[in-house]
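# Overview (structure and organization)
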Amino acid sequence: MSQPATALPVALDREAATPLAVQLADALRDAAATGHLRGGDRLPSTRALAARLGVSRTVTSAAYEQLHAEGWITGRHGSGTYVTTSPPSDRPVQRVVPGEVAEPEELLDLTPGTPWAAGIDRAAWRRAWRAAADTPPLTSAHRAGLPEYRAAIAEHLLRHRGLAVGTDSVLATGGTTAAVFELAGAVFRAGDTVAVEEPGYQRAVEALLSAGLKVVGVPVDGEGLRTDAIPAGVRGVYCSPAHQYPMGSRLNAARRVELVERARAENMLIIEDDYDGELRFDVAPLPLLAALAPDVVVHLGTTSKILTPTLGAGWMVAPGAVTSSVLGHRDRTGTRPSPAGQRVLVELARHGDLGRHLRKLRRELSERRVLLVSALREAGITVLGDDAGAHLVVPFPSPEVERERLAAGRVRGIRLDGLARHFAGTPTAFGVAIGYAGCSREALSGALDTLVGLLR
């Protein structure tokens with residue numbers, strides 16, 4: 001007959017900032033270290049303990065896995081989980097501070113924003129860098145960017161985003177965040193108010209705030225930015241209409257029209273961050289805001305997500321007055337984007353390697369998306385924002401659940417991104433954003449069972 005489970009001296013505080021799984025692991029570890037639990041004592045099953053404490057099984061499983069990894073408990077096949085007879089007292093216990101959890105040395109990173117850099121053709125990559133290096137050093141800076149780079153971006157926008165622009169309308173940038181910093185300093189005045197998506201891209205928010213601008217959050221729903229909630233009197237609107245970061249929704253056609261009409265009527269400048277714009281699945285393309293209203297829209301793009309942040313290269317397409325202001329700002333501050341990454345992009349585009357990579361990228365991410373979405377939905381897990389981009393969202397009902405699942409994921413070797421951190425104000429939506437571009441397909445497949453068990 002199996003040994004009965006030992007009564008556990010555990011009390012969890014649901015109001016504390018420390019995740020419940022961490023509280024439980026700390027309590028059991030302390031009980032074993034102080035002798036309240038002795039070597040050989042049988043612990044309740046994760047299911048029984050979850051029922052006793054009134055928590056999800058995810059909490060108890062994560063705590064047990066942490067203690068097993070530390071050597072405090074062990075499992076016996078067919079008979080349960082037991083406190084070890086020789087606790088790991090000869091090594092220091094890794095104590096956890098509020099909000100943190102002991103993690104495996106290597107985590108599978110499923111946070112959004114990481115590109116599929118492993119898919120870049122290495123021969124093409126080396127060829128582009130050699131060709132870029134085999135050019136004469138510049139004797140003067142190109143404040144707008146290399147002419148050949150601007151021409152390559154104009155061709156890219158026409159071919160892959162359906163946006164017809166002249167080379168003179170394109171400015172090179174150091175990336176999206178760098179471009180927002182420039183716009184904040186060059187176009188707006190201290191004290192101006194800019195509307196941003198809530199939740200949204202916090203680096204852009206910080207760039208606006210650092211220039212002395214006021215920021216007001218506008219809610220996002222399943223159809224993108226709530227354009228009817230944009231307050232009157234704002235000087236600008238920052239948004240990511242192609243695949244909203246982090247919620248994953250696309251700004252629908254009616255709201256796009258409403259947004260540009262309001263911009264024209266109220267003298268607002270729209271900053272269109274084309275995040276994940278090259279990636280969509282099973283849905284028709286929607287017109288770029290820059291195509292609908294080039295007179296009031298600044299279009300921003302970057303190579304960081306479609307290739308790699310290594311290049312440090314992005315672009316801006318803006319009305320003439322904005323372009324002049326940005327160039328004047330660069331003259332005053334002496335700042336301008338580095339030409340090295342621009343030269344590499346030019347070489348990749350010249351030989352067709354950029355186009356080939358984008359086609360390969362779309363196929364690869366489409367297949368990964370099907371793999372991930374099928375596993376989650378078959379398990380009855382709600383999935384949002386999967387029709388475009390390289391990440392999707394699984395919503396949770398409360399901040400406590402979000403914190404527990406993030407902590408449990410780290411214990412199980414998976415790093416996820418919580419939605420709450422993407423709010424500038426008080427969070428009103430909770431869940432995890434799951435990126436599927438940065439890891440290998442084999443690693444993603446191997447983690448599916450763990451991920452489903454974590455999220456279900």
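Preceding this section is the structure that the text describes.
Residues numbered from 1 in each chain as written. Predicted model: local features only at pLDDT ≥ 70, side-chain atom pairs only at ≥ 80, totals over all residues. Heavy atoms only, no water.

### Topic: the overall build of the chain
When helices and strands are tallied, the chain shows 14 helices and 16 strands. Referenced to the eigenvectors of the C-alpha coordinate spread, the extents of the chain come out at roughly 80 × 50 × 40 Å. Split into buried and exposed, the 456 residues of the chain put 55% on the buried side. Excluding contacts between residues fewer than 6 apart, the proportion of contacts in the chain whose partners are at least 24 apart in sequence is 72%. About 19800 Å² of surface is accessible on the chain, with carbon and sulfur atoms providing 51% of the total. In the chain, the 51 positive side-chain charges and the 50 negative ones have mean positions that sit 3 Å from each other. (Helix = DSSP H or I, 4+ residues; strand = E, 2+ residues; numbered from the N terminus. Buried < 20%, exposed > 50% of the residue type's maximum accessible area, 1.4 Å probe, protein only. Contact = heavy atoms within 4.5 Å. Areas by Shrake-Rupley, 256 points an atom, 1.4 Å probe, with all protein chains shown as cover. Lys, Arg positive; Asp, Glu negative; His and termini not counted. Charge placed at Lys NZ, Arg CZ, Asp CG, Glu CD.)

### Some details on the environment of glycine 431
Secondary-structure assignment places glycine 431 in strand E16 (residues 430–435). We classify glycine 431 as buried; its relative accessible area is 0%. Dropping the residues within four chain positions of it, glycine 431 is found in contact with Val394, Pro395, Phe396, Glu402, Asp417, Gly418 and Leu419.

### Description of the sheet that holds strand E10 (residues 269–273)
Strand order in the open sheet made by the eight strands is E5-E12-E11-E10-E9-E6-E7-E8, with mixed pairing throughout. The open sheet terminates on both sides in strands that have one partner only, identified here as strand E5 (170–173) and strand E8 (224–225). Of the pairings in the sheet, the one linking E5 to strand E12 (residues 314–317) comprises four bridges and is antiparallel in character. Within E12, the position partnered with valine 170 by the bridge is valine 317. (Pairing = 2+ DSSP bridges.)

### Points about the sheet that holds strand E13 (residues 391–396)
Spatially, three strands are ordered E13-E16-E15 in an open sheet, and the strand pairing comes out antiparallel. Because the sheet does not close on itself, it has two edges, and the strands there are E13 and strand E15 (417–418). Of the strand pairs in this sheet, E13 and E16 are connected by six bridges, and their pairing is antiparallel. In the sheet register, histidine 391 faces E16, and the bridge partner there is glycine 435. This element, helix H13 (residues 399–411), spans E13, E15 and E16 of the sheet and lies at about 35° to E16. (Axes fitted to C-alpha atoms, helices over the stretch in contact; angles between N-to-C directions.)

### Concerning the side chain of aspartate 41
By the secondary structure assignment, aspartate 41 is in the loop between helix H1 (20–34) and strand E1 (42–43). Of the side chains with opposite charge, arginine 38 lies nearest to the buried aspartate 41, which makes no salt bridge, at 4.4 Å. Looking at aspartate 41, its side chain comes within polar contact range of the main-chain nitrogen of arginine 38, at 2.8 Å. (Salt bridge = Lys/Arg side-chain N within 4 Å of Asp/Glu carboxyl O. Polar contact = N/O pair within 3.5 Å; in protein donor to acceptor, adjacent residues only side chain to side chain.)

### Digging into helix H11 (residues 339–350)
The terminal C-alpha atoms of H11 lie 16 Å apart, and with twelve residues this matches the ideal 16 Å at 1.5 Å per residue to within 8%. Along H11, the residues that are buried comprise Gly341, Gln342, Arg343, Val344, Leu345, Val346, Glu347 and Leu348. On the buried face of H11, the contacting elements are helix H4 (122–133), helix H5 (147–161), E5 and helix H12 (353–378). Positive phi appears at glycine 352, one or two residues downstream of H11, with a value of about 80°. (Expected span 1.5 Å × (residues − 1).)

### Side note on the nonpolar core
Among the nonpolar cores identified, the biggest contains 104 residues, and Leu416, Ile434 and Leu455 are the most heavily contacted of them. Ignoring sequence-local partners within four residues, the contact set of leucine 455 consists of Leu376, Ile381, Val394, Phe396, Arg405, Leu416, Val432 and Ile434. Judged by nonpolar contacts, the second largest core, of 28 residues, contains Ala144, Ile271, Val298 and Leu327. (Core = buried A, V, L, I, M, F, W, Y, C linked by side-chain atoms within 4.5 Å.)

### Some details on the environment of alanine 164
Within the secondary structure, alanine 164 sits in the loop between H5 and E5. Here alanine 164 falls in the exposed class, since its relative accessible area comes to 65%.

### Let's talk about the packing of aromatic side chains
All told, the structure shown has three aromatic pairs when counted by the stated rule. Taking 5.8 Å as the distance between ring centres and 70° as the angle between the ring planes, the aromatic pair formed by tryptophan 125 and tryptophan 129 counts as edge-to-face. Placement of the pair is tryptophan 125 and tryptophan 129 together in helix H4, with a separation of four residues, close to one helical turn. Since its relative accessible area comes to 17%, tryptophan 125 is described here as buried. Using a relative accessible area of 33% as the deciding quantity, one classes tryptophan 129 as partly exposed. An angle of 70° between the planes, with centres 5.2 Å apart, marks the rings of tyrosine 245 and tyrosine 275 as edge-to-face. Separated by 30 residues along the polypeptide, tyrosine 245 in the loop between strand E9 (236–239) and helix H8 (253–266) and tyrosine 275 in the loop between E10 and helix H9 (289–292) bring together distant segments of the chain. Cluster of aromatic residues (ring-pair linked, three or more members): Tyr201, Tyr245 and Tyr275. (Phe/Tyr/Trp six-rings, centres within 6.5 Å; stacked < 30°, edge-to-face > 60°.)

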